[in-house]
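An overview of the molecular structure
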Amino acid sequence: MIEGTFVFIPDKNLIGKVKSSSSDDCEIDLFFSLGRTQVEKLGCSYQGAVKSGMIERGVLTKETRAYVFKDNFPKIGRIVNYIQDQDNSIIYELRFNGGKSEDYNERDIFVRSWRSPQEDPVKILSSHGCESQYFHDRRKKFLKVISDIKRASHGVTSFTSANIELAVHQIACVKRVLSDPIQRYLLADEVGLGKTIETGLILRQHLIDDPNTETLIVSPEHLCDQWHDELSNKIGLSQFGDNFECISHNDLRNINRAPDILVIDEVHHLVDNSINELLESRKKLIKIASDVRGLFLLTATPPASNPDNFLSLFKILDPDVYNKIHIEEFTRRLEETKQFGRLLMSLNPLRPSSILEDTVNECRKTWPDDSKVKMLCEDLQKAVENENKDEISNGCF
């Protein structure tokens, strides 16, 4: 042990210098800034701390920012090279503003500990710790870019920390889900529109907010490896350890307790009563679905053509509401929703005026007692008659 040499404290992600050591304690000097230092006591000898992995011998890498003091004034430079001295300490070559280089033993060098808290700039300035305008200008540009990215993401840090390119509809979906205190959703984008990406970003944000969140992804067996690969490599969930698991539909029957977040891919298979081999998994899904904090059911082919299966899906999502609805009432609502969807698809501002007028009239006939629909129809009718493109566009959307 050499006093004044650098050591790493892996568990706390800190770098410091050995201050002193005895048979029952070792003290490490931590340099947070020119205005603040701290002593970390390890509670064991230097040799014991090294043997147990509490500390490791520290070697500064090139380009590390380092401080030296001359006549009580700080000089700030960058590590450009180093060699080992005869007493096993390290001599570093530091390059300062203007290109001048000087050699210093590590005992005379100070490096800020990682994860340093925000410091009072007045203390640093009073210690003559200001740097050149050159570094200030470049840091300012970098910080502006980071601030712009954070502002654009609206606090959803999974957008900016995942290794993917995002589509506008995916951003809208993720923001909608994460802003909802009750996160139980059916994601039914068509094939290729990114349900996996949307789900992965939602899961990543939950793990960023709480790394102990347990997540279970259930998919057809042939898609399990694909899910695991995309969540690990594209979304970056591997950095959170083993807090997410991918299993097959058949293996769902063996789950003993509900996870925090449950994702079911190709959920139309599990609600299809004609697939007998998934009966036990279907029962387990119904049992644990109400106990999870977040539930996401994914399908590119929702069983809208089979009202019984479709109702079963909604009973899993919101049993309090849909367990009270009979199949006849659900079928009626389903037909109304289809009609509503067809009319919305017809409200395209690029369509001829005659088609828009027909759509407005059909909306009036479909919902004659709805005052909101009546008002919107009147606004769009006037816009079409006046041939006002902006108002037509607003009326359609």
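Everything quoted here is computed from the prediction, not taken from an experiment.

Let us look at the sheet that holds strand E12 (residues 244–248). In space, the five strands of this open sheet follow the order E10-E14-E13-E11-E12, with parallel pairing throughout. Two strands in the sheet have a free side with no partner beyond their single neighbour: strand E10 (183–187) and E12. With direction set aside, neighbouring strand axes in the sheet form an average angle of 10 degrees. When E10 meets strand E14 (residues 294–298), the two strands line up parallel, connected through five bridges. If you follow Arg184 over to E14, its bridge partner there is Leu295. In the packing of helix H6 (residues 195–209) onto the sheet, contacts are made with E10, strand E11 (215–219), strand E13 (261–264) and E14, and the angle to E10 comes to roughly 165 degrees. Where helix H10 (residues 307–317) meets the sheet, its contacts fall on E10 and E14, and the angle it forms with E10 comes to roughly 155 degrees.

Counted under the stated rule, the structure contains ten aromatic pairs. Ring centres 5.5 Å apart and planes at 45 degrees place the aromatic pair Phe31 and Phe110 in the tilted group. Placement of Phe31 in strand E3 (residues 26–33) and of Phe110 in the loop between strand E9 (101–105) and helix H2 (121–126) is noted, with a sequence separation of 79 residues between them. The interplanar angle of 80 degrees and the centroid separation of 6.4 Å between the aromatic rings of Tyr322 and Phe330 together place this pair among those described as edge-to-face. Owing to a relative accessible area of 6%, Phe330 belongs among the buried residues under this scheme.

Parameters and conventions
Residues numbered from 1 in each chain as written. Predicted model: local features only at pLDDT ≥ 70, side-chain atom pairs only at ≥ 80, totals over all residues. Heavy atoms only, no water. Pairing = 2+ DSSP bridges. Helix = DSSP H or I, 4+ residues; strand = E, 2+ residues; numbered from the N terminus. Axes fitted to C-alpha atoms, helices over the stretch in contact; angles between N-to-C directions. Contact = heavy atoms within 4.5 Å. Phe/Tyr/Trp six-rings, centres within 6.5 Å; stacked < 30°, edge-to-face > 60°. Buried < 20%, exposed > 50% of the residue type's maximum accessible area, 1.4 Å probe, protein only.

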